[in-house]
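Spelled out, the chains give:
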Amino acid sequence: MDQSGTLDSLLQEERVFRPLPQLVIEANVNPQELEAARRQAETDPLGYWEEAADELDWFKKWDQVLDDSNPPFYRWFAGARCNVVYNALDRHIETGNKNKLALIWEGEPGDSRKYTYYELYREVNRFSNALRSLGLGKGDRVVVYMPPLPETLIAMLAIVKLGAVHSVVYAGFSAKALRSRIRDAEAKMVVTADGFYRNGRVIKLKNTVDEALVGACSDCVDSMVVVHRAKVEVDMVEGRDFWYEDLIRQERSESPTEVMDAQDPLFMLYTSGTTGQPKGVIHAHGGYMVGVHRTLGQVFDIKPTDIFWCTADPGWITGHSSVVYGPLMAGTTTVMYEGHPLYPQADRMWNIVAKHGVTVFYTTPTLIRMLMRFGTQYPKRFDLTSLRLLGTVGESISPEAWLWFYKNIGRSECPLLDTWWQTETGMFMISPLPISLLKPGSVTRPLPGIEAAVVDKDGKPAPPGKGGLLVLTRPWPAMMTGLFKDEDRYKEYWQQVPGGVYFAGDVAKKDEDGYYWIQGRADDVLNIAGHRIGTAELENAFGAHRAVSEAAVIGVPDRIKGEVAKAFILLNPGIEPSDDLNKELKRHIKNELGPVAVVKSIEFRDSLPRTRSGKIMRRVLKAQELGQDVGDLTTLEAD
Ligand code: WTA
């Protein structure tokens, strides 16, 4: 990321915000307890995580908290047996949570559905039984290609309940992207919807799945389950495609929860890396549930009366940990919204907060920047006093956006918790608690039990205030357990910086108070509106167009999305640049990858800067684009 404006103001930011005394008194973790937790975690990290694990239910407890005999393949809670769904659902049925709201869902047209824990439990059981009757079993992979619907959450839990593994694919991804994920995961089944509402339109989702399942992939899956949402006409393939509603009608509302080994895969989630092929990050039952449960509880200070709204789509890790598993394990009420944040107008988010009495609102800097443009007229029309905590994730938040959110939405009373974490970390890693002193733009300090550092490329700690590579120096429970079918790429995370530490791919600095400031990615991964997308993926997609000989993609700052892509294109001989071609290429990228990949501009070039070995020097293109010093080209040439 090279958001120079943001960076400059981050570097100058010195304001500190304190929590109100009442909030400190009421916090689940007070300052003394936080310090005690930090001390315990430093002196006895395994004891610390063991206590966290004791807060959950297990079918059999662990023989060992952490088996670190074969790094970087760490095994948390070795020998234990559990199922995250037991903790997210089953155990609540035995307590006062049974009749509490588990889920409030609102559709874009304004319809809404609510489920108590007991209702959700029974619905999940029915679908789990249905999936079993379709032949799904332990270890099988299911792609969930769904918009935010109650059935999305239900499907995720039903799949995991019977021991299968979900791979949720964001409904904004194209048929091609979906196909490659279905194939790579060797999925047996797809769960989808006929369509859904987005920005006043109906998106025909099943059609996209049909488009994905053609050619070499026509026999990729055995079955497809389709949820009725938008009443669009779809083609159902006899014997392969089933309506969700038909499947569950006859099913019993009790269903056994599969006893899993703590190491058994829970879900996989594809995320972009530096090569063209997204990586299938794998999380396992035991460590994931402990890490997510402990950190969500600490950061969002969950109270029995909370209504927790994380605006993330279930297709991202934030949706997994902070919409589905985290809130449900905590026994709180989670909110889901199907549609576009500005539909039918820019007050929709505040309308939802006020209508449902949302107490915790967790979102992205991109959304805040988008809403800021409309000023305070919309938030002022609603009673937002139910809010007590705000949060952000996905990208750095500029102090301007931070202050706007804090003042106009949080009444200068609600702590704004900027959480740093990743698909790979599964859980929050560096984040304030409600009682923390906040500096706008800083993710503050690592949570208890997490050890991070900012180092140079030799692994030596960078002095305070100096930028460096952000590394995690100790394994943590919700860490990914591997990359699907790619051990070597998993190992790379631990090999790039000397010392056996995990390199997150981000650059950061630590100030004199030990506060972390995330400065962006260190690698060729763009962060468009908080979504990761590799430059290589974009370049490959351009390369697949008949007019393109070669493409180089860089990230450029964008006022709303934080970062967007700019492409430099070498055309094939005989092909002339034109506005039409420019438009066609943008359309092509949308088709290839989906709307997540925002290409702002395309520049046709006769040549691209290269190293002696022929590699394109994106750094040079980027420096030129941003009007920065290109640097020493002779050393770059040796790349
Ligand atoms: C970035 C999202 C600044 C970072 C949970 C990271 C952030 C990548 C923050 C992971 C934050 C995430 N401040 N940058 N609070 N949170 N990032 O896997 O570059 O979709 O490596 O996980 O987002 O993105 P992912």
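Quick note: structure is the one above.
Residues numbered from 1 in each chain as written. Predicted model: local features only at pLDDT ≥ 70, side-chain atom pairs only at ≥ 80, totals over all residues. Heavy atoms only, no water.

### Some points on the sheet that holds strand β6 (residues 141-145)
- A sheet is described by the order of its strands in space; here eight strands give the open sequence β12-β11-β8-β6-β7-β14-β15-β23, paired in mixed fashion. In this open sheet, the two edge strands, each paired with only one partner strand, are β12 (241-243) and β23 (482-483).
- Where strand β15 (residues 279-284) meets β23, two bridges bridge the pair, whose relative direction is antiparallel. Across the sheet, the residue bridging to I282 is G482, located in β23.
- Against the sheet, helix α11 (residues 285-300) makes contact with β14 (265-271) and β15, and its axis sits at roughly 80 degrees relative to β15, the strand it touches most. (Pairing = 2+ DSSP bridges. Helix = DSSP H or I, 4+ residues; strand = E, 2+ residues; numbered from the N terminus. Contact = heavy atoms within 4.5 Å. Axes fitted to C-alpha atoms, helices over the stretch in contact; angles between N-to-C directions.)

### Here we look at the site of the ligand
- In the vicinity of the ligand there are 18 residues, among which D418, T419, T423, R521 and R532 approach most closely.
- A distance of 2.7 Å separates a nitrogen atom of the ligand from a polar backbone atom of T419.
- A distance of 2.9 Å separates an oxygen atom of the ligand from a polar side-chain atom of D506.
- Its free accessible area being 530 Å², the ligand has 96% of it covered by the protein chains.
- Among the residues forming the shell around the ligand, the class breakdown is six nonpolar, seven polar and five charged. (Near = heavy atom within 4 Å. Polar contact = N/O pair within 3.5 Å; in protein donor to acceptor, adjacent residues only side chain to side chain. Areas by Shrake-Rupley, 256 points an atom, 1.4 Å probe, with all protein chains shown as cover. Nonpolar A, V, L, I, M, F, W, Y, C, P; charged D, E, K, R; others polar.)

### Focus: the packing of helix α18 (residues 535-543) against helix α19 (residues 579-593)
- In the contact formed by α18 and α19, the axes pass within 9 Å of each other and the chain directions differ by 115 degrees. Between α18 and α19 lies a crossing of right-handed hand. Between α18 and α19, the residues in contact are E537, L538, A541 and F542 and L585, H588, I589, E592 and L593, respectively.
- Residue composition of the contact of α18 with α19, by class: six nonpolar, one polar and two charged. (Left-handed = near helix turned anticlockwise from the far one by under 90°.)

### What about the state of the cysteines?
- Enumeration over the complete set of coordinates arrives at one disulfide.
- Two residues, C217 and C220, share a disulfide whose sulfurs are 2.2 Å apart. The chirality of the disulfide connecting C217 with C220 is left-handed, given an S-S dihedral of about -120 degrees.
- Relative accessible area serves as the criterion here: at 0%, C217 is assigned to the buried category.
- We classify C220 as partly exposed; its relative accessible area is 24%. (Disulfide = S-S within 2.5 Å. Buried < 20%, exposed > 50% of the residue type's maximum accessible area, 1.4 Å probe, protein only.)

### Quick look at the pattern of salt bridges
- Throughout the structure, instances matching the rule amount to 44 salt bridges.
- In this structure, the salt-bridge partner of R388 is D306, at a minimum N-O distance of 2.8 Å. On the criterion of sequence distance, the pair formed by R388 in the loop between α15 (377-380) and β19 (389-393) and D306 in the loop between α11 and β16 (307-310) is long-range, its members being 82 residues apart.
- When its relative accessible area of 1% is taken as the criterion, D306 is described as buried.
- Through salt bridges with shared partners, a single network forms among K206, D210, R240 and D241. (Salt bridge = Lys/Arg side-chain N within 4 Å of Asp/Glu carboxyl O.)

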